[in-house]
Amino acid sequence: MSGPNDQLRQLRTRTESAQVPGEFLSRAELAEQVNAWVHDHLNRKIELDGNYIGKLERGAIRWPQADYRDGLRAVLGVATDAELGFRRSRSRVASLGTVKRSDFLRAALGVTAGAMVAPLGEALLTQQPTPVPSVVGQREIEQVRTAAQLFGTWDHTYGGGLVREAVAAQLRYSAGLLSARCSDRLHSDLHSAVGFLGHTAAFMAFDAYAHDDARRMFEFALGCAEEANDWHLRAKVLSSMARQEIWCGNPDAGLTLVELAMVRADRLTASERAMLLTARARALAKLHRVSEAASTVGLADEQFANAEPDNDPVWMRYYDEAQHAGDTGHALFDLAVDGRFVGEARDRLALAVAGHSQPYARSRAISGIKLASLTMRAGDPVEAAQIGTRALREAGTITSRRAADDLRELRTFAHEHHRVAEVAELQSGIGDRLGVA
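Below you will find a few notes about this structure. Computed from a prediction, not measured in an experiment: that's the story for all the values here.

Our focus in this paragraph is the packing of aromatic side chains. Taken as a whole and judged by the stated rule, the model has 5 aromatic pairs. Ring geometry for Tyr-52 against Tyr-68: centres 5.2 Å apart, planes inclined by 80 degrees, an arrangement best described as edge-to-face. Highlighted residues: Tyr-52 in helix α3 (residues 50-58) and Tyr-68 in helix α4 (residues 66-76), separated in sequence by 16 residues. Assigned by exposure class, Tyr-52 and Tyr-68 land together as buried. Aromatic side chains Tyr-318 and Tyr-319 sit 5.8 Å apart centroid to centroid with 85 degrees between the ring planes, which places their arrangement in the edge-to-face category.

See the structure below:
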């Protein structure tokens, strides 16, 4: 693996500094905290500095020693080295040998002793992939659409972490269909179906913080939408691309993508325009353009009031009243933590939590975590702990890195009230869920 370690950098920049409230953790401060943790918990002395953290983030060092990894996991609140972006090189993995179960695995997988030098997962790769048909018809197109819908349903309920590899494999196969013969009549339908699946795979990758994978898949889905001249799919893909950039700390890039999606907005449904406007409001809030963000939420409300779900494409079925309340509540959240529109943000997030049904468990959990954070910041900490405890239970069945980061944020907000018994119990529960020392 080459290139910068974006996972480590993002974890650091999403952790609040203890020395400068309101600022993120600097490289030097992270190094100091790791040194202190190793001394206190392992009774060993190390001398990390900001320069070494910079080498880790640039990818110059891919596998630091165990004490460093232990300290970084504890300080940044993650459970595994992989979450820090650390990977052993393949040669090092091979040199460590195999576990005692290797004989069983060889027999079960039909692997020779020599093949065991490679990671065992490679033995499970398909050696006889499903052949792509030479001619694509309506049946194949419907199969792709069905796969996209099924995987999308799973993503909404359980998050993107568990089955995204399966979705990526399905996408690779479906992309091969674009090279097969297809009638002119079905050309656009085929590209729309494959683009729909591409968007589903991309959003799962985004939710799992595989950001490079997500960006490539989003670009592929966007290309399919434009080849099909499908304005609805184009808007959805650009909206999700914008949300990823906003989440990754690039609100200006997100705003640009939203504005690109709004070109010829007259061709979109009212629900789609509302969806895009909520993304625009999120970007504006992150850019501290308070009045513009608030007015954009109002414009989104106006569009949603005119929504006619029967006219929406299948991938917009999720965008109901609860989703709109949650999206606008998230947009207002960034203003509310600074004391603006607190009541409005809370009301919208509460409506989302109450309105999301079980198929949208991830959205319900994330809105609940945000509601608890806002209440912890600007309300009754005991009530916030109760809300947070319910949201934590919801998050227990979900594999979403976004939800995990929101839990970390809630834990940070809760620190101010850590002497309150209910808050301390919530902090402990979050720590257990995230594997925080």
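What follows is about the side chain of His-356. Within the fold, His-356 resides in the loop between α16 (342-355) and α17 (361-378). The exposure class assigned to His-356 is buried, which follows from its relative accessible area of 5%. Look past the residues within four positions of His-356 in its chain and what remains in contact with it is Ala-322, Gln-323, Ser-363 and Arg-364.

Formed by 49 residues in total, the largest nonpolar core has its most connected members in Phe-218, Val-237 and Met-241. Among the secondary structure elements, those contributing two or more residues to this core are α7 (138-158), α8 (164-177), α9 (184-207), α10 (211-227), α11 (231-247), α12 (251-261) and α13 (270-286). Ranked by the residues each element gives to this core, the list is headed by α9, at 12 residues. Setting aside its immediate chain neighbours within four residues, Phe-218 contacts His-199, Ala-202, Phe-203, Val-237, Ser-240, Met-241 and Gln-244. Ala-281, Leu-374, Ile-387 and Leu-392 belong to the second-largest nonpolar core, a separate cluster that totals 40 residues.

About the thresholds
- Residues numbered from 1 in each chain as written.
- Predicted model: local features only at pLDDT ≥ 70, side-chain atom pairs only at ≥ 80, totals over all residues.
- Heavy atoms only, no water.
- Phe/Tyr/Trp six-rings, centres within 6.5 Å; stacked < 30°, edge-to-face > 60°.
- Helix = DSSP H or I, 4+ residues; strand = E, 2+ residues; numbered from the N terminus.
- Buried < 20%, exposed > 50% of the residue type's maximum accessible area, 1.4 Å probe, protein only.
- Contact = heavy atoms within 4.5 Å.
- Core = buried A, V, L, I, M, F, W, Y, C linked by side-chain atoms within 4.5 Å.

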